[in-house]
Structure formats: structure tokens, C-alpha cells
Amino acid sequence: MSRTRKSAKDAGARFERSIADYLAMVLDDDRIDRRVKTGANDRGDIAGVRLRGERVVIECKDYGGRHKLPEWLREADVERGNDDAAYGVVFWKRRGTADPAEQFVTMTARTFAEILAGGPGLLEEGEEE
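This report concerns the structure included in the present document. (Residues numbered from 1 in each chain as written. Predicted model: local features only at pLDDT ≥ 70, side-chain atom pairs only at ≥ 80, totals over all residues. Heavy atoms only, no water.)

## Remarks on the overall build of the protein
Line of reasoning, step 1. Counting secondary structure elements, the protein contains 3 helices and 6 strands.
Line of reasoning, step 2. In the protein, the succession of α and β elements from N to C terminus is α-β-β-β-β-α-β-β-α.
Line of reasoning, step 3. Dimensions of the protein along its principal axes, counting C-alpha atoms only, are 50 × 30 × 30 Å.
Line of reasoning, step 4. Of the accessible surface of the protein, which amounts to about 8,100 Å², a share of 50% is contributed by carbon and sulfur atoms.
Line of reasoning, step 5. Positive and negative side-chain charges of the protein, numbering 23 and 26 respectively, have mean locations separated by a distance of 8 Å. (Helix = DSSP H or I, 4+ residues; strand = E, 2+ residues; numbered from the N terminus. Areas by Shrake-Rupley, 256 points an atom, 1.4 Å probe, with all protein chains shown as cover. Lys, Arg positive; Asp, Glu negative; His and termini not counted. Charge placed at Lys NZ, Arg CZ, Asp CG, Glu CD.)

This is how it looks when you write it as C-alpha cells:
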């Protein structure tokens, strides 16, 4: 069966719901939920996620096992800016499992380093681009 626009949108909505529900449950935070779509000024797919008090934008993708990581990371970065968030990451559907705990999360090395350093802007000068 080939994927139609409707089946792709439905799969995306199910994936977003599963990730939001999973994070809300394991983090015990009922503020985490799917975000209402805002069009041109999109601020990510999941709202209410924070790391050390800083907002995290999560872009969710279910492309039937395919991935477009550079495109998705650029999208997450734009949405991070739209939301004035510290971090932007991409959750993407792992083929062969619907378990939200087993899905992939992708971010840039800079984002990961900032998380490890304790927050955005805390990298030392020699460690930046």
C-alpha cells in the first residue's frame, strides 16, 4: 500500500501523540503535550519539554523508515528560534517498532555539547565553530 498525504499526516499525528504521552509519563509532567500547529511560525510538535528550566523544541518525523536528517535539523533549529528555546531536537520513527522509548533522537554535536556543558552559551571559546 502506498502512502497518501492523509495516511502520512495520520501517521505523523499518531507518532507525535505517542512521543508526547511517553515523555509526559516518564518525566511525570502533565504539561508535556502535542502542540497546536501554528503555520509559518511553527514552534515544534511537542510543547512543555524543559531541560534545566530551558525550553526544548521537539520536531517529530514518521517518514516510513526514510530520513532527511539535515533538512529536519534545520527545521528544528528554525522552530527553536521561533519558540525562543534553548535546544531543538528531532525525534524520528524507527522502522519496525512503535514503542516510543525505542525511537531515534537526533541533534547536532553543538546541541549535545551545550547540554553536556550545562546550558546554551556555556561552551568555551575554543570549543565553538
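## Comments concerning the pairing of strand β4 (residues 54–61)
Line of reasoning, step 1. Across the 8 residues that make up β4, a large majority, 6, are buried.
Line of reasoning, step 2. Sheet analysis places strand β3 (residues 50–51) next to β4, joined by 2 bridges and oriented antiparallel. Residue L51 lies in a different strand from β4, and its bridge partner there is E54.
Line of reasoning, step 3. Here β3 hands over to β4 after 2 residues, with R52 in that stretch at a positive phi of 55°.
Line of reasoning, step 4. Note that β4 and strand β5 (residues 87–92) share 6 bridges and pair parallel. Directly across from K61, in β5, lies its bridge partner W92.
Line of reasoning, step 5. Where the polypeptide runs from β4 across helix α2 (residues 69–82) and back to β5, its parallel neighbour, the crossover connection is right-handed. (Buried < 20%, exposed > 50% of the residue type's maximum accessible area, 1.4 Å probe, protein only. Pairing = 2+ DSSP bridges. Right-handed = clockwise from strand over helix to strand, strands pointing away.)

## A short note on helix α3 (residues 109–117)
Line of reasoning, step 1. Regarding α3, the residues found buried are T111, E114 and I115. Seen from one end, α3 has its buried residues packed into an arc of 100°, which puts them on one side. Relative to its buried face, α3 has exposed residues pointing more than 90 degrees away, namely A109 and L116.
Line of reasoning, step 2. Of the surrounding elements, those touching the buried residues of α3 are β3 and β5.
Line of reasoning, step 3. Within two residues after α3, G118 carries a phi angle of roughly 110°, on the positive side. (Arc of directions from axis to C-beta. Contact = heavy atoms within 4.5 Å.)

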